[in-house]
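For reference, the chains in residue letters:
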Amino acid sequence: MTTSFPLLRDALTNLALPPERQRQALAGTVVPDELALDLDNAVRSLDDAMERAGIQLAPAVVAAVEELNDSLAAPPADDLWNDVALAQHPAWIAARRRAAELLAQIPPA
């Protein structure tokens, strides 16, 4: 069985993981950067993904995903991007919670 919205589902799944699991899942990368980039790529491809799947996500879900993506936009020198922030920064803590909530709203097929 294939799933709809694989980029979005993968990005939200990784983002919802606890920091230790995020580090394991994305070993060999700069984890905060990779989490944000994966979500941004998924958001940028969302219109195409909905067209391919033949499924339109609810406008409120799309808006919430875009808002989550925007919440992880910060200048490169911001504290958000260091590894310690992954576990402690309020933006990452909120992002994990929101990603888990949004995952439940993405149709599996």
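Our structure's up above, just so we're on the same page.
Residues numbered from 1 in each chain as written. Predicted model: local features only at pLDDT ≥ 70, side-chain atom pairs only at ≥ 80, totals over all residues. Heavy atoms only, no water.

A. Molecular detail of the overall build of the chain. On a plain count of helices and strands, the chain comes out with seven helices and zero strands. Each helix and strand of the chain, ordered N terminal to C terminal, gives the series α-α-α-α-α-α-α. The C-alpha radius of gyration of the chain comes to 14 Å, within 12% of the 13 Å expected for a compact globule of 109 residues. Dimensions of the chain along its principal axes, counting C-alpha atoms only, are 40 × 25 × 20 Å. Residue burial in the chain is summarised as follows: out of 109 residues, 39% are buried. (Helix = DSSP H or I, 4+ residues; strand = E, 2+ residues; numbered from the N terminus. Rg over C-alpha atoms; globule rule 2.2 N^0.38 Å. Buried < 20%, exposed > 50% of the residue type's maximum accessible area, 1.4 Å probe, protein only.)

B. Structural context of the nonpolar core. Membership of the largest hydrophobic core comes to 33 residues, with the highest contact counts inside it found for Leu8, Leu12, Leu15, Leu39, Leu57 and Trp92. Of all elements in the fold, only helix H1 (6-16), helix H3 (31-44), helix H4 (46-53), helix H5 (59-71), helix H6 (83-88) and helix H7 (90-103) reach the threshold of two or more residues within this core. Excluding residues within four positions of it along the chain, leucine 12 makes contact with Leu39, Leu68, Ala99, Leu102, Leu103 and Ile106. (Core = buried A, V, L, I, M, F, W, Y, C linked by side-chain atoms within 4.5 Å. Contact = heavy atoms within 4.5 Å.)

C. Quick peek at H7. Its 14 residues place the ends of H7 20 Å apart at the C-alpha level, agreeing with the 20 Å of an ideal helix rising 1.5 Å per residue. For H7, the complete set of buried residues consists of Ala91, Trp92, Ala95, Arg96, Ala99, Leu102 and Leu103. The arc that holds every buried residue of H7, seen down its axis, measures 135°, which confines them to one face. Where H7 is buried, its residues meet H1, helix H2 (19-25), H3, H5 and H6. (Expected span 1.5 Å × (residues − 1). Arc of directions from axis to C-beta.)

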